Protein chains: 2
Amino acid sequence: MSVSAYWCERAWLGPGDVADDVLVEVEEQRIRSVRRDRSPGAAHRLAGLTIPGLANCHSHAFHRALRGRTQRGLGTFWTWREQMYAVARRLDPDSYYRLAFATYAEMALAGITCVGEFHYLHHQPDGTPYDDPNAMGEAVIAAATDAGLRIALLDTCYLSAGFGAPPEGVQIRYHDGSADAWGVRVADLAARHPAAADAAAEVGAAIHSVRAVPADQMPVVAALLPAAPLHAHVSEQVAENDACGQRYGRTPTAVLADAGAVSARFTAVHATHLSAADVGILGDAAAYACFCPTTERDLADGIGPARALADAGARLTLGSDSQAVIDPFEEMRAMELDERLSTRRRGHWPAGELLRAATSEGHAALGFPDAGRIAPGGWADLVTVDTGSVRTAGAGAGEEAAVYAASAVDVTHVLAGGRVVEHDPAEVARLLADAVEEVLAS
Amino acid sequence: MSVSAYWCERAWLGPGDVADDVLVEVEEQRIRSVRRDRSPGAAHRLAGLTIPGLANCHSHAFHRALRGRTQRGLGTFWTWREQMYAVARRLDPDSYYRLAFATYAEMALAGITCVGEFHYLHHQPDGTPYDDPNAMGEAVIAAATDAGLRIALLDTCYLSAGFGAPPEGVQIRYHDGSADAWGVRVADLAARHPAAADAAAEVGAAIHSVRAVPADQMPVVAALLPAAPLHAHVSEQVAENDACGQRYGRTPTAVLADAGAVSARFTAVHATHLSAADVGILGDAAAYACFCPTTERDLADGIGPARALADAGARLTLGSDSQAVIDPFEEMRAMELDERLSTRRRGHWPAGELLRAATSEGHAALGFPDAGRIAPGGWADLVTVDTGSVRTAGAGAGEEAAVYAASAVDVTHVLAGGRVVEHDPAEVARLLADAVEEVLAS
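Cut-offs used in this document
Residues numbered from 1 in each chain as written. Chains lettered and ligands numbered in written order. Predicted model: local features only at pLDDT ≥ 70, side-chain atom pairs only at ≥ 80, totals over all residues. Heavy atoms only, no water. Helix = DSSP H or I, 4+ residues; strand = E, 2+ residues; numbered from the N terminus. Rg over C-alpha atoms; globule rule 2.2 N^0.38 Å. Buried < 20%, exposed > 50% of the residue type's maximum accessible area, 1.4 Å probe, protein only. Contact = heavy atoms within 4.5 Å. Areas by Shrake-Rupley, 256 points an atom, 1.4 Å probe, with all protein chains shown as cover. 1 Å grid on protein atoms, 1.4 Å probe; cavity = no way out; pocket = protein on both sides within 12 Å on 5 of 7 lines; lining within 4 Å. Points joined across faces, edges and corners; volume = space filled by probe spheres on them. Nonpolar A, V, L, I, M, F, W, Y, C, P; charged D, E, K, R; others polar. Expected span 1.5 Å × (residues − 1). Polar contact = N/O pair within 3.5 Å; in protein donor to acceptor, adjacent residues only side chain to side chain. Least-squares fit on C-alpha atoms with pLDDT ≥ 70 in both. Pairing = 2+ DSSP bridges. Axes fitted to C-alpha atoms, helices over the stretch in contact; angles between N-to-C directions. Right-handed = clockwise from strand over helix to strand, strands pointing away. Buried area = accessible area lost by both parts, 1.4 Å probe. Salt bridge = Lys/Arg side-chain N within 4 Å of Asp/Glu carboxyl O. pLDDT = per-residue confidence, 0-100. Parallel < 35°, antiparallel > 145°, perpendicular 65-115°, else oblique. Left-handed = near helix turned anticlockwise from the far one by under 90°.

S.K.: Hey, could you go over the overall build of chain A for me, with residue numbers and the actual values?
M.R.: Of regular secondary structure, chain A possesses 14 helices and 15 strands. The C-alpha radius of gyration computed for chain A amounts to 21 Å, which stays within 12% of the reference 22 Å derived for 442 residues, consistent with globular compactness. The principal-axis extents of the C-alpha atoms in chain A amount to approximately 65 × 50 × 45 Å. Counting only residues that meet the buried cut, chain A has 64% of its 442 residues in that class. Considering only residue pairs separated by 6 or more positions, chain A has 76% of its internal contacts joining residues 24 or more positions apart. Carbon and sulfur atoms make up 52% of the accessible area of chain A, which amounts to about 14000 Å² in all.

Given below as structure tokens:
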């Protein structure tokens, strides 16, 4: 039995609870004990502020290839999507692994210890399954675990290009033919990665959107893995709401709720353009709302009603989504800052609530309810933030320094599931450059 | 005569013009020649993308002490201002020098080679002048030049707490008694730092705001240094507009214009809440509009009509203002991203226009029209960005990579006025921590 000890100069133990001199004992993948102790002894010393591991609840790993590439001239969400599809056309299990591994390594450097990959790139370019129909999903799972992260592979059902329209172009790679066929494939994948207390990979389900899954197919997706997370893109764009209203006479949230998809294990990703009734539905269900503010800025989605959702009972989580930025600290503060822009008032999200969204709530939304807290029995994930960098110096050593002054580059030490996660930033950068070049040039 | 040469792997020579293999010869403070040359020879090699030095057009150096400190609970712009005043109360020329030096060093690390300091902390805590009435301004100038930056000290006239109300509390430190008395003091300071081709410090003028300078005093401020920059805070908050309307029956922009302050050497700082007529006034004058997007997020100011101003003829510049963040790359992209949030469309600012705002336009607005371009005769300011970091890898090596993928931490080499500016980040962080502790604790 392997036991190790980490001594934190300061540790964030929960909203409003920052403690000095915290000794954390780790046994295998779990935290055995947490106590105040002024003498580090032989423990590994973590200078700065140590927080739990960060959960990135909405990732499309391969979008990393688009960073800095989609900003030319004028363009809409839909023209951005065309560029994204061009990358999707080129990936195969090997190149997908390489791009995802490099992207997840960038996440690990930023303090992310668990990722929810919203995975829909399932089949060969002509739409036929690979010899292993889950070859792409397995590539993503291997990339994350090899990079040192836990992963919830949110296997995504994608059946139509729009409301009733057949898949177009690269979308045939996403398409399983029916929700039942999706279920056969995903059941096999889930059986290979059974939910277990110490499993580093879990399989969850996702409904891509109301555009891509007909309402009558949604119950099949919702029912397949009844104990696992269920995610869906919800109301990211006004155009989606409009089309949904025309097709169903209801909002996307209402369509999902009527299909039985909305519950306490459901995550509404984006949740940007909601009605008051939608907010009530998600709040009453204690569902998660995953905001991805840097992507929502980049894609001109707008500013969603995050505070209203939380006040109604929904639980905030965060995601890097398109990888325009991989910096969970920027995502945390962007929640507050964008809400300030839309309301012209300050003070919507105490820093501790934003840290909770990025840690314990995020892990719970990904099916790891026993992670994201520095507490006995939980996953041994510790992320140490330098509170004495040029960015953080003078900002104190409390939760506000982490949320409002720190950046990904201030992460100095990462422990995930009891293992130190080390990557050389220069090597990760080389892998990123190579992986992007491969998928842009091929 | 000292001549040195820098060979740039890539260089940004203007919007849309990124060139490989650029050899820049530097003679004293100036660029002597710029040419393509595939052989670096003995030149100092600059790997990555080299851009001109960045101009930070709106800085309150001492606000750096507030980073991460003003986010607790609920609060408004006006409660933030109270915390800022508490720091202002404690500064003296020595502590102001130390805090400003550390802050400017943080700027230099971020690629900023020229700062516009909007300086209003003039007098002793009881309102009486220091033995040298310009002791505080001199401290700021020395801090910038010692840190390796050029500075436009925008000496700010501040006469009233509100429309007609006498200065309150710490504001007596800002107050010269009258615009004429402000002018006597500033004329002396300007005489000590005469405008000269190779002067690293210049003195400009500023009208704090329509709140703080009565309209009938504005012409005195505008007339004192007729060839130097003139800046003013304009319409940062709706409350200011409302009070201005009650007092003058006009907008702040109209009041400033009627006082003769608005011209091609005028910078409207923030310009957040403008009428269509205000946009026309600033555009017709070809005035500068200095946006400070990370501060405008932080203070819940709102999203100003930057694109409309540019389309009307105004010139965009950028500032770090409250130092909530010191990252000119984040300021550049925030211009586009926040406009996306307010319009739900992408594609307002080509990356090259944002780089121009941060470089040549910014320098011109600070009275350095011959800076901010990699061109013969200009100031020899070169800032090199790592295009192979974990943030920038795969994003290309063009202007979009700089604007949308890079961060301050990707700046690898800074040349300002022909001199290499080097700071050890760890040492700057220590200076920041010490300087902040001094003013928070004393």
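Next, the rest of the story.
S.K.: Could you give me a rundown of the layout of surface pockets, with the residues and numbers involved?
M.R.: Residue and element names in this part refer to chain A. Of the pockets and cavities examined, the second largest pocket occupies roughly 320 Å³. Of all elements in the fold, only helix H3 (135-147) and strand E15 (419-420) reach the threshold of two or more residues within the lining of the second largest pocket. No other element matches the three residues that H3 contributes to the lining of the second largest pocket. Of the residues contributing to the lining of the second largest pocket, the split by class is eight nonpolar, seven polar and five charged.

S.K.: Go over helix H2 (residues 93-109) of chain B, please, and point to the residues and values.
M.R.: Three- or four-residue spacings in an α-helix give side chains the same orientation, since the helix completes a turn every 3.6 residues. Residue and element names in this part refer to chain B. In this model, H2 (17 residues) spans 24 Å end to end at C-alpha, consistent with the 24 Å of a helix rising 1.5 Å per residue. Taking burial as the measure, the 17 residues of H2 include 13 buried ones, the bulk of the element. The opening residue of H2 is Asp 92, an N-cap whose side-chain oxygen sits 3.0 Å from the backbone nitrogen of Asp 94.

S.K.: Provide a residue-level description of the relation of the copies chain A and chain B, including the pertinent values.
M.R.: Rotating chain A by 180° and moving it 0.0 Å along the rotation axis overlays it on chain B with an RMSD of 0.0 Å. As the rotation angle and translation indicate, the two copies are arranged about a two-fold axis. Both copies share a contact surface, since 100% of the interface residues of chain A are interface residues in chain B too.

S.K.: If you had to explain the environment of Gly148(A) to someone new, which residues and values would you point to?
M.R.: Residues and elements named next belong to chain A. Locating Gly 148 in the fold gives a position in the loop between H3 and strand E7 (150-157). Here the alpha-carbon distance between Gly 148 and Cys 114, two residues 34 residues apart in the chain, equals 8.9 Å. Those residues in contact with Gly 148 that sit more than four places away from it in its chain are Ala 416 and Val 421.

S.K.: Lay out the sheet that holds strand E2 (residues 17-27) of chain B with the relevant residues and their values.
M.R.: All names here are of chain B. Spatial strand order, E3-E2-E1-E4-E13-E14-E15: seven strands in an open sheet with mixed pairing. Strands with a single pairing partner mark the edges of an open sheet, and in this sheet they are strand E3 (30-36) and strand E15 (419-420). Across the sheet, helix H12 (residues 351-365) lies against strand E1 (3-14) and strand E4 (44-52), angled at about 140° from E1, the strand it touches most.

S.K.: Requested: an account of the pairing of strand E6 (residues 112-119) of chain B, with residues and values cited.
M.R.: Every regular strand shows the same layout, with side chains that alternate between the two sheet faces. Residues and elements named next belong to chain B. The buried count for E6 comes to eight of eight residues, which makes it a mostly enclosed element. In this structure, strand E5 (residues 54-59) lies alongside E6, joined through four bridges in parallel fashion. Note on E6: the bridge partner recorded for Leu 54 is Ile 112. Bridge count for E6 against strand E7 (residues 150-157) is six bridges, and the pairing is parallel. Paired with Val 115 across the two strands is Ile 151, which belongs to E7. For the crossover from E6 across helix H3 (residues 135-147) to E7, the handedness is right-handed.

S.K.: I'd like a rundown of the interface of chain A and chain B, residues and numbers included.
M.R.: Counting residues at the interface gives 54 residues for chain A and 54 residues for chain B. When chain A packs against chain B, close to 4400 Å² is buried across both sides, 54% of that on carbon and sulfur atoms. Ranking the residues of chain A by area buried against chain B places Leu341(A), Arg346(A) and Val390(A) at the top, with a combined share of 18%. Where chain A touches chain B, the interface holds four salt bridges. Its salt-bridge partner being Asp298(B), residue Arg346(A) comes within 3.1 Å of it at the nearest N-O pair. At the surface where chain A touches chain B, the tally comes to 14 residue pairs in polar contact (both at pLDDT 80 or more). Elements represented by at least two residues in the side of chain A that touches chain B include exactly helix H1 (77-90), helix H2 (93-109), helix H9 (293-298), helix H11 (328-343), helix H13 (399-404) and helix H14 (425-441) of chain A. When residues in the side of chain A that touches chain B are grouped by element, the largest group, six residues, is from H14(A).

S.K.: Summarise the environment of Ala357(A); cite the residues concerned and give the values.
M.R.: All names here are of chain A. Among the secondary structure elements, Ala 357 is positioned in helix H12 (residues 351-365). Residue class for Ala 357 comes out buried when judged on its relative accessible area of 1%. The spacing of Ala 357 and Ile 281 is 76 residues in sequence and 20 Å in space, taken between C-alpha atoms.

S.K.: Quick one: what's the story with the confidence of the model for chain A, residue by residue and with numbers?
M.R.: When pLDDT is averaged along chain A, the result is 95, and 98% of the positions lie at 70 or above. Scored as a whole, the predicted complex attains pTM 0.97, and scored at its interfaces, ipTM 0.95.

S.K.: Any chance you could break down the environment of Arg32(A) for me, citing the residues and the numbers?
M.R.: All names here are of chain A. With respect to the helices and strands, the residue Arg 32 is situated in strand E3 (residues 30-36). Under the relative-accessibility criterion, Arg 32 is labelled partly exposed at 40%. In this structure the side chain of Arg 32 is engaged in a polar contact, spanning 3.1 Å, whose partner is the side chain of Glu 27.

S.K.: Describe the sheet that holds E15(A), and please don't skip the residues or the numbers.
M.R.: As a general point, the strands of a sheet are linked pairwise by backbone hydrogen bonds and lie either parallel or antiparallel. All names here are of chain A. What the seven strands build is an open sheet, ordered E3-E2-E1-E4-E13-E14-E15; its pairing is mixed. Each edge of the sheet is formed by a strand with only one pairing partner; in this case those strands are E3 and E15. Relative to strand E13 (residues 382-385), strand E4 (residues 44-52) runs antiparallel, the two being bridged by four bridges. Looking at E13, one finds that Leu 49 is bridged to Val 385. Where H12 meets the sheet, it contacts strand E1 (3-14) and E4, and its direction lies at approximately 140° from that of E1.

S.K.: Any details on the packing of helix H11 (residues 328-343) of chain B against H12(B)? Residues and values, ideally.
M.R.: Residues and elements named next belong to chain B. Put simply, H11 and H12 touch, their axes get as near as 9 Å, and they point 135° apart. Taken as axis vectors, H11 and H12 run oblique relative to one another. With respect to the hand of their crossing, H11 and H12 are arranged in right-handed fashion. Contact with H11, carried on its side by Met 332, Met 335 and Glu 336, involves Leu 354, Leu 355 and Ala 358 of H12 and no other residues of that element. When the residues that make up the contact of H11 with H12 are grouped by side-chain class, the tally is five nonpolar, no polar and one charged.

S.K.: I'd love a proper account of the pairing of E1(A), names of residues and values included.
M.R.: All names here are of chain A. Of the strand pairs in this sheet, E1 and strand E2 (residues 17-27) are connected by 10 bridges, and their pairing is antiparallel. Bridge assignment links Ala 11 to a residue of E2, and that residue is Ala 19. Adjacent in sequence and paired antiparallel, E1 and E2 are bridged by two residues, among which Gly 16 carries a positive phi angle near 80°. Across five bridges, the pairing between E1 and E4 is parallel. The residue of E4 that forms the bridge with Trp 7 is Arg 45.

S.K.: Report on unusual backbone geometry, specifying residues and quantitative values.
M.R.: Residues and elements named next belong to chain B. Phi at Ser 235 takes a positive value of approximately 55°, unusual for a residue other than glycine. Following the sequence through the fold, Ser 235 ends up in the loop between strand E9 (230-234) and helix H6 (238-248). For Ser 235, a relative accessible area of 0% corresponds to the buried category. The backbone phi angle of His 270 is positive, close to 85°, even though this residue is not glycine. Positionally, His 270 belongs in strand E10 (residues 266-270).

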